[in-house]
Structure formats: structure tokens, C-alpha cells
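Residue-level structure breakdown
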Amino acid sequence: MDDSGVVVNLILFAVVCIAPTVLFWCALRVPRLIHRIRSRRVAPAPAGPPIERVAADLRRVHRLLADYPSGTPAARRFGTRQAYDELLTQACRQVGVPHRLGELPEGMDREIERLRVEQSLRERGLAVP
């Protein structure tokens, strides 16, 4: 026998001995690989409440602000306006509308910003009064 026959037999022996081990090793790794691929496809969960709930809360709090009688305490009005501003901020964050509600002090500038934000949200399809 020449040297090439020995080398071929040695390679064939190595393949026969190692192939089952490599195949079983691969078979054990496939489920983990499939799990990684599927987990990358999953969309991230939203960070806040659903936009429908935010819109319903916006309409409810806006109705409260509009329906307060003239003798309502200023603290209640102020708290309701703050809640409305926070809901507007959540809606802006979810829809992607830039706003400055957190930067402006209470007054005319903030009222104008509220109106601008409400209009921007309406243009994006959110039903805000």
C-alpha cells in the first residue's frame, strides 16, 4: 500500500468517528438558534398605555375643564390642567409630536402651546376636542 491509500483511509476513519458527534452537537444547538432568530423578530412592547386609552382620558379631562362651574376652587382647576398637560405629553410621545409643555410656565404661552399640540394631534388622526 502506498502512502496516499493510508491517508485516505485515515481521513475516512476520522470522518466516520467524528461525523456523528458533530451532527448531534449541531442538533442540540438548532433549537437555541431558532429561539434567537424568533426573539429578534418580536416587536418591542409599547412603553405606555394604549393610545386609545390616552385619547379617551384626554377627552374626559377636557370635558371636566370645560364643565367646571364658576365657583370651582383654583387648586382643582390647576390640578386638572396639569393632568391634561400630562395626558397631552403622553399622546405627543406616542404619536411623535414635538411639544414644549414641560418647559413653559403657566400662562398665555402655555395655553397657546396646548392649542398647537391639540391641533397637531388632530392632524395625526387623534380625536382630541
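Residues numbered from 1 in each chain as written. Predicted model: local features only at pLDDT ≥ 70, side-chain atom pairs only at ≥ 80, totals over all residues. Heavy atoms only, no water.

Per the secondary structure count, the protein includes 4 helices and 0 strands. If you list the helices and strands of the protein from N to C, you get α-α-α-α. A globule of 129 residues ought to have a C-alpha radius of gyration of about 14 Å, yet the protein, at 32 Å, is considerably larger. Across the protein, the fraction of contacts at a sequence separation of at least 24, relative to all contacts at a separation of at least 6, is 55%. Total accessible area on the protein is roughly 9700 Å²; 63% of this is exposed by carbon and sulfur atoms. The positive charge centre, built from 20 side chains, and the negative charge centre, built from 14, are 6 Å apart in the protein. (Helix = DSSP H or I, 4+ residues; strand = E, 2+ residues; numbered from the N terminus. Rg over C-alpha atoms; globule rule 2.2 N^0.38 Å. Contact = heavy atoms within 4.5 Å. Areas by Shrake-Rupley, 256 points an atom, 1.4 Å probe, with all protein chains shown as cover. Lys, Arg positive; Asp, Glu negative; His and termini not counted. Charge placed at Lys NZ, Arg CZ, Asp CG, Glu CD.)

With that out of the way, let us pick up helix H1 (residues 3–41). In this model, H1 (39 residues) spans 53 Å end to end at C-alpha, consistent with the 57 Å of a helix rising 1.5 Å per residue. Roughly 35° is the biggest bend found in H1, and it falls at Ile 18, with proline Pro 20 one to four residues downstream. (Expected span 1.5 Å × (residues − 1). Bend = angle between axes of the 7 residues up to and from the residue.)

To continue, consider the packing of helix H3 (residues 74–95) against helix H4 (residues 108–123). Contact pair H3 / H4: the axes reach a minimum separation of 11 Å and the direction vectors enclose 40°. Put simply, H3 runs oblique to H4. Remark: the crossing between H3 and H4 carries left-handed chirality. Across from Arg 81, Tyr 84, Asp 85, Leu 88, Ala 91, Cys 92 and Val 95 in H3, the residues of H4 making contact are Arg 110, Glu 111, Arg 114, Val 117, Glu 118 and Leu 121. For the contact of H3 with H4, the residue count by class is 7 nonpolar, no polar and 6 charged. (Axes fitted to C-alpha atoms, helices over the stretch in contact; angles between N-to-C directions. Parallel < 35°, antiparallel > 145°, perpendicular 65-115°, else oblique. Left-handed = near helix turned anticlockwise from the far one by under 90°. Nonpolar A, V, L, I, M, F, W, Y, C, P; charged D, E, K, R; others polar.)

Purely geometric numbers; function is a separate question.
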